[in-house]
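Close look at the chain arrangement
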Amino acid sequence: MTTVTGYEIRVARSLRSILGIVFWLAIACLGSCAAYAQSPAVVDLLRREFIAGDFAVKSFGPVRWLDGGKSYATLEPSAKAEGARDLVRYDTATAQREVLVSASQLTPPGSDKPLAIEDYAWSADMNRVLILTNSRRVWRENTRGDYWVLDRKSGALRRLGDGGPPSSLMFAKFSPDGSKVAYVRFNNIYVEAIETGVATQLTTDGSEKIINGTSDWVYEEEFSVRDGFRWSPDGKRIAYWQFDTSNVTSFALVYDTGAPYRVLTGIPYPESGVYPTVRQIPYPQPGTPNSSVRVGVMPAIGGETRWMQVPGYPNDNYIARMEWAGDSDTLVLQHLNRLQNTNDVLLADAKTGVVRSVHQDRDAAWVDVVDDLQWVHRGKDFLWVSEQDGWRHVYLISRDGKQMRLVTPGAFDVIDVVGVDPDEEWLYYVASPENATQRYLYRIRIEGKGTSERLTPANQPGTHSYHVSPDLRWAVHTYSTFDLPPVTDLVHLPDQKVQRVLQDNAKLRSNSKDLVSEPTEFLRLDIGDGVTLDGWLMKPRDFDAGKKYPILVYVYGEPAAQTVVDRWDDWNGIFHRALAQEGYIVASFDNRGTPAPKGSAWRKVVYGSVGVLSSKEQALALQALERRCPYIDSTRVAVWGRSGGGSNTLNLMFRHPEIYKVGMAVAPVPDQRLYDSIYQERFMGLPRENASGYKAGSAINFAEGLQGRLLLVHGSGDDNVHYQGTELLVNRLIELGKPFDFMTYPGRTHAIVEGPGTADHLYRLLARYLEEHLPPGPAAP
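Below or above, wherever it landed, is the structure these notes cover. (Residues numbered from 1 in each chain as written. Predicted model: local features only at pLDDT ≥ 70, side-chain atom pairs only at ≥ 80, totals over all residues. Heavy atoms only, no water.)

**Thoughts on the sheet that holds strand E27 (residues 404-406)**
Sheet architecture is open: four strands sit in the order E24-E25-E26-E27, paired in antiparallel fashion. Unpaired on one side and paired on the other, strand E24 (374-376) and E27 mark the two borders of the sheet. Taking each pair of neighbouring strands and ignoring which way they run, the sheet shows an average axis angle of 35°. Alignment of strand E26 (residues 393-398) against E27, held across three bridges, turns out to be antiparallel. For Tyr395, the partnering residue across the bridge sits in E27 and is Leu406. (Pairing = 2+ DSSP bridges. Helix = DSSP H or I, 4+ residues; strand = E, 2+ residues; numbered from the N terminus. Axes fitted to C-alpha atoms, helices over the stretch in contact; angles between N-to-C directions.)

**Observations concerning the pairing of strand E32 (residues 463-468)**
In the sheet, E32 pairs with strand E33 (residues 474-481) via six bridges, with the strands oriented antiparallel. In the strand pairing of E33, Ser465 is matched with Thr478.

**A closer look at the sheet that holds E33**
Each strand in a sheet pairs with its neighbour through backbone hydrogen bonds, running either in the same direction (parallel) or in the opposite one (antiparallel). Reading across the sheet, the four strands line up as E32-E33-E34-E35 and stay open at both edges, with antiparallel pairing between neighbours. Two strands close off the open sheet at either side, each with one partner strand: E32 and strand E35 (497-503). Each strand of the sheet is rotated relative to its neighbour by a mean of 30°, with strand direction disregarded.

**Looking at unusual backbone geometry**
Between Gly61 and Pro62 the backbone carries a cis peptide bond, its omega angle lying at 10°. Here Pro62 is to be found in the loop between helix H2 (40-52) and strand E1 (64-66). Here the bond from Leu493 into Pro494 is cis, since omega is 10°, no more than 30 degrees from zero. If you trace the backbone, Pro494 turns up in the loop between strand E34 (484-492) and E35. In the Ramachandran plot, Asp372 falls in the positive-phi region, its phi being about 55° despite a non-glycine side chain.

**As for the side chain of Ser614**
Turning to its location among the elements, Ser614 is positioned in helix H8 (residues 612-628). Only 2.7 Å separates the side chain of Ser614 from the side chain of Asn648, close enough to count as a polar contact. Setting aside residues no more than four positions away along its own chain, Ser614 makes contact with Gly557, Asn591 and Asn648. (Polar contact = N/O pair within 3.5 Å; in protein donor to acceptor, adjacent residues only side chain to side chain. Contact = heavy atoms within 4.5 Å.)

**Let's talk about helix H13 (residues 758-773)**
Under the 1.5 Å per step criterion, the end-to-end length of H13 is 23 Å for 16 residues, consistent within 8% with the ideal 22 Å. Within H13, 14 of the 16 residues are buried, which leaves it mostly tucked inside the rest of the structure. (Expected span 1.5 Å × (residues − 1). Buried < 20%, exposed > 50% of the residue type's maximum accessible area, 1.4 Å probe, protein only.)

**Details of the pairing of strand E4 (residues 97-101)**
Pairing of strand E3 (residues 85-91) with E4 involves four bridges; the strand directions are antiparallel. Bridge pairing links Val88 to Val99 in E4. Here E3 folds back onto E4 in antiparallel fashion, the turn holding five residues, of which Ala95 has a positive phi close to 70°.

**Notes on the nonpolar core**
Among the nonpolar cores identified, the biggest contains 46 residues, and Tyr219, Phe223, Trp241, Val295, Leu331 and Leu333 are the most heavily contacted of them. Top element by residues in this core is strand E20 (residues 317-324). It accounts for five residues. One finds Leu533, Ala621, Ile632 and Leu710 within the second-largest nonpolar core, a separate group that totals 45 residues. (Core = buried A, V, L, I, M, F, W, Y, C linked by side-chain atoms within 4.5 Å.)

**So, the environment of Val605**
Tracing the backbone through its elements, the reader meets Val605 in the loop between helix H7 (600-604) and H8. C-alpha of Val605 to C-alpha of Ala365: the two residues are 240 residues apart in sequence and 8.6 Å apart in space. The residues contacting Val605, other than those within four sequence positions of it, are Arg592, Gly593 and Leu613.

**Section: the packing of helix H6 (residues 571-582) against H13**
The interhelical angle for the contact between H6 and H13, taken along N-to-C directions, is 30°, at an axis separation of 12 Å. Taken together, the axis directions place H6 and H13 in an arrangement best described as roughly parallel. Taken as a pair, H6 and H13 cross one another with a handedness that is right-handed. Between H6 and H13, the contacting residues are Trp571, Asn572, Phe575, Leu579 and Glu582 on the first element and Ala759, Tyr763, Leu766, Ala767, Leu770 and Glu771 on the second. Residues that form the contact of H6 with H13 fall into these classes: eight nonpolar, one polar and two charged. (Parallel < 35°, antiparallel > 145°, perpendicular 65-115°, else oblique. Left-handed = near helix turned anticlockwise from the far one by under 90°. Nonpolar A, V, L, I, M, F, W, Y, C, P; charged D, E, K, R; others polar.)

**A closer look at the pattern of salt bridges**
Applying the stated criterion to the full structure yields 37 salt bridges. Here the salt bridges share partners, and the residues they tie into one network are Asp363, Glu387, Asp413, Arg603 and Lys604. (Salt bridge = Lys/Arg side-chain N within 4 Å of Asp/Glu carboxyl O.)

**Observations concerning the packing of aromatic side chains**
In this description, an aromatic ring pair is defined by two values, namely the gap between the centres and the angle between the planes. Counted by the stated rule, this structure contains 32 aromatic pairs. Between the aromatic rings of Tyr219 and Phe223, the centroid separation amounts to 5.3 Å while the plane-to-plane angle is 80°, which identifies the pairing as edge-to-face. Here Tyr219 and its partner Phe223 are both found in helix H3 (residues 217-223), four residues apart, which amounts to about one turn of the helix. Between Trp571 and Tyr763, the ring centres sit 6.4 Å apart and the planes meet at 85°, which makes this aromatic pair edge-to-face. With Trp571 in helix H6 and Tyr763 in helix H13, this residue pair connects regions lying 192 residues apart in the sequence. Under the relative-accessibility criterion, Trp571 is labelled partly exposed at 33%. On the basis of relative accessibility, which here comes to 1%, the residue Tyr763 falls in the buried class. Clustering of aromatic rings is evident, with ring pairs tying together Phe50, Tyr554, Trp571, Phe575, Trp640 and Tyr763. Its guanidinium or amino end placed over the ring of Trp426, Arg443 lies 3.6 Å from that ring's centre, counting from NZ or CZ. (Phe/Tyr/Trp six-rings, centres within 6.5 Å; stacked < 30°, edge-to-face > 60°. Lys NZ or Arg CZ within 6 Å of the ring centre and 35° of its normal.)

**Things to note about the side chain of Asp676**
Residue position: Asp676 is located in the loop between strand E41 (662-666) and helix H10 (677-684). Buried and without a salt bridge, Asp676 has Arg682 as its closest oppositely charged side chain, separated by 7.0 Å. From its side chain, Asp676 meets the backbone nitrogen of Ile678 in a polar contact 3.0 Å long. Filtering out sequence-adjacent residues up to four positions away, Asp676 remains in contact with Trp217, Val218, Glu221, Glu222, Tyr283, Pro284 and Pro286. (Lys, Arg positive; Asp, Glu negative; His and termini not counted.)

**With respect to the environment of Pro77**
The topology assignment puts Pro77 in strand E2 (residues 71-77). Since its relative accessible area comes to 67%, Pro77 is described here as exposed. Separated by 26 residues in the primary sequence, Pro77 and Ala103 have C-alpha atoms spaced 9.0 Å apart.

Laid out in structure tokens, this is it:
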């Protein structure tokens, strides 16, 4: 825990005073809501969802493909040890089952309980298995824990880390030959020999400010950089990121209820009392200094680091991806400028550190990072994804960058690259050229001959995902629609013949049968100027088209996600269906600027003006829907959303008070200057160059427009969208004399799910607020 200074204590006291005001505002909200008798049916459905788990989606796995796809490993409940799991292997074609590692083999010496497997990895020869257990949360995920190695031949089970503190290792992984494991401890990289248990510390400068082998908060959140080191294919070197956060301003998270996550983890309170604590997080806001980032390569046996000579200032550019370039002598880096409108593909010599650019992707708005860059033709070419022709397509680029050829031509977007078959004849990818709300599997010849083939059966409209085997002959396939819970099966490719069902979610189907009896309607709405938006509409139970019903609009509307997708939505979906059962119409729309597969122009039209176009088009979509559906009562309109959807809820309530009467904003960003640098600058540019855009897109600057009923909800421990923004909005609304309601969840993060009963409480609060201020059912005659 960071030492708390006197200044931080004074800050904590000030914030505690504000939290005191927040507490009484929350009590006032709950007191006013308590006078309303909430629907027992809604309460029951929400408790079944969040407490009993009656609507929980069961997935299959995790699956690890073996032998190129001839078999796969997964975890299953042990028949001999209650609550424990065995590691089992199935023959892919025949389903023959074999227990590879039983729970009893994972019982440490001196213990009577097997290890609780949270994740695992095999050595290349499968003689050893690496087990993660007892993990702890770091930023958004549980990435720090205890790692154990089981030798399947000898039966020896040993915890890595040379007897150090528990739950202190991160991202442990085998060397290519399986004789060693590298991991991160306290921001330094170690390599441990499995046979001897001797650990060699490779880096020594790790500290609170210097991070080796993992990442800072903003890289993890926005670039998904968590595991920050890579074994070379020959096992002789390790390449790694280093982050220097010295010049990044720290954000102070205040935990009034004691140590971070005390209320969330069940840690008992001390008998002597509870005092607030302050947690410092290096957090760059737009326009402020970022971490200085560099990539180095060092011998796996220890020695000096060779730093790659990446051009530009290390705190004013991004190294968003780093991998070995198909050999053990060269790294491939993706290097973005601060504005994120250029992405240079750099090849770096691991011995000398010399780098050269082989390709540059650029855009007037922003470019995206390419995940899992794939080398083909024995490393002579690589596959790249770009929007340079206005659509998201796959290109084949030569290693020297001199040749570039389009692989997936057509007026459509490649949503995801699935893989390349071992003969390197076919590229498999996910797309949906005809309907942006759905997802299907396609393939096309890499050499550009012929046309693409849709492999997903035509009689299965909806959303399909595929976890393919290395030989591309098999896939764990999951299919769902908005009204059909997921089914996971094993399919053969390319014919997609079902080999067997792996998880049918029969219990969920049975429990949700009544909720999906009225099909959800997908629709397209013309909002003028040649723009058509996708949307969905739920109707109340016992719907009568001759009556008028209140409507609740669910909004997100930012570049990070769609809400209008034809797939099963468990949490929000059950919430919305419960409200529809009570007499609400529920709808959602995807405005331009959301990541729908409709071309680059659709997605990037919002550059520099996030929040402005979304609120305008959301209002136009609702009005178009009202014209189409006369049974919508335009005088009874509510809107709600989370995170970016909370921001757009505020924008709609403030900018269009004549339309929206009730709003519920959960964990919003009222002022775009307060979010992280990578996300906000990607879509808005730098504040000094676009001050007017930041002002126009931030809801706090339009708070004087509030006329309806507004509920603000935020977790005070939110390390993503900070509580600070909502507090500033609270101050602004107080200054304006605007009435509103406020609920804070002490110490909770952005998800507001931690701790017993939290999710249930949140959704019951939202339902109660809506029912009180916008009663369900048709209008009285």
